[in-house]
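The primary structure of each chain is shown beneath.
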Amino acid sequence: QSFGSLAALLAALDADIVCFQEVKLREMERHLALVDGWDSYFSLCRAREPRTSGGRYAGVATFCRTGCRPRLAAEGVTGVLDSSIGHRASLVAESSEEELRQIDSEGRCVITVHADLALLNVYAPANTASDPAAPERRRAFKASFLRALELRCRDRAAAGLRVLLIGDMNISPSRLDSAREAELLQAPPPPSASRLWLQALLGPPRPFFA
């Protein structure tokens, strides 16, 4: 369905806070996504590489009606881009600033804090052919991103905030959520590391036929 404009889309959604993933804007194009009556918070891709189409890649944006303006806003999962919302010292101790900036280089998380609620708008990396020459490197990148994301969530919860993680995680939580794996019941592939991570984060895994 075509709404004709971002303003029309936001009006049709009739929500106070709207989270978008994969916005694919460059910094210079941010003005294209400004709407009267809304505050907008972006994290855009900083990596200017062929695989990121020169920076028009990934990206997330959170739109809040002015009446729901957050008291804090920041981008990234590591805290290295903006530590105003806090970050885990353990993560900083484990990684160099360059490594942390790499984790946050693709514009994959915006955090807004509304009263005691921390809202994380996330577009997690996928294990796809975006870097076909180095699939292992992408898997390692995704693992680093998810670890940093979890630490950020747990840190905010430890600070007394309620935490809402929303967005596109690029993870099927179980075989039931994957058409390919559902067809391979006799010899299903082993679960991916990201699926095991998500299941652990959510709690005890659901039985396949639950």
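These remarks concern the structure in this document. (Residues numbered from 1 in each chain as written. Predicted model: local features only at pLDDT ≥ 70, side-chain atom pairs only at ≥ 80, totals over all residues. Heavy atoms only, no water.)

### Points about the pairing of strand 5 (residues 109–114)
We count it as follows: Only protein chains enter the accessibility calculation, which uses a 1.4 Å probe; a residue whose area is less than 20% of its type maximum is buried, one above 50% is exposed, and one in between is partly exposed. Secondary structure is summarised from DSSP: a helix means a run of H or I of at least four residues, a strand means a run of E of at least two, and numbering begins at the N terminus for each. We treat two strands as partners when DSSP finds at least two bridges between them.
The element strand 5 is extensively covered by neighbouring structure, given that six of its six residues are classed as buried. Neither face of strand 5 is left uncovered, since the one carrying C109, I111 and V113 and the one carrying V110, T112 and H114 both have all their residues buried. Where strand 4 (residues 72–75) meets strand 5, four bridges bridge the pair, whose relative direction is antiparallel. Residue E75 lies in a different strand from strand 5, and its bridge partner there is V110. For strand 5 and strand 6 (residues 117–123), the ladder comprises six bridges, and the chain directions are antiparallel. Following the sheet pairing, V110 is matched in strand 6 by N121.

### Regarding the sheet that holds strand 4
Here is the rule: Only the stretch in contact is used when a helix axis is fitted, and all axes are lines through C-alpha atoms; the angle between N-to-C directions ranges over 0 to 180 degrees. Two residues qualify as a contact provided that any one of their heavy atoms is within 4.5 Å of a heavy atom in the partner residue.
Taking strand neighbours across the sheet as the criterion, the four strands line up as 4-5-6-7 in an open arrangement whose pairing is mixed. Each having just a single partner strand, strand 4 and strand 7 (162–168) make up the two edges of the open sheet. Along the sheet, successive strands turn relative to each other by an average axial angle of 15°, direction set aside. Across seven bridges, the pairing between strand 6 and strand 7 is parallel. Note that in strand 7 the partner of N121 across the bridge is I166. Where helix 4 (residues 135–158) meets the sheet, its contacts fall on strand 4, strand 5, strand 6 and strand 7, and the angle it forms with strand 6 comes to roughly 170°.

### What about helix 6 (residues 193–202)?
Operational definition: The directions considered for the arc run from the helix axis to the C-beta atoms.
Along helix 6, the residues that are buried comprise S194, R195, W197 and L198. Projected down its long axis, helix 6 carries its buried residues within an arc of 160°, all on one side. Residues of helix 6 that are exposed and point more than 90 degrees away from the buried face comprise A193 and A200. Positive backbone phi, at 120°, marks G203, one or two positions downstream of helix 6.

### Observations regarding the side chain of T78
Let me state the cut-off plainly: Each polar contact in these results corresponds to two N or O atoms within 3.5 Å; when the atoms are within protein, one needs to be able to donate a hydrogen and the other to accept it, and residues that are neighboring in sequence are counted only if both atoms are side-chain atoms.
Take T78: it is sitting in the loop between strand 4 and helix 2 (89–94). Polar side-chain contacts of T78 include one of 2.7 Å to the side chain of D104. When near neighbours in sequence (up to four residues on either side) are disregarded, T78 contacts H87, L91, L100, I103, D104, A148 and R152.

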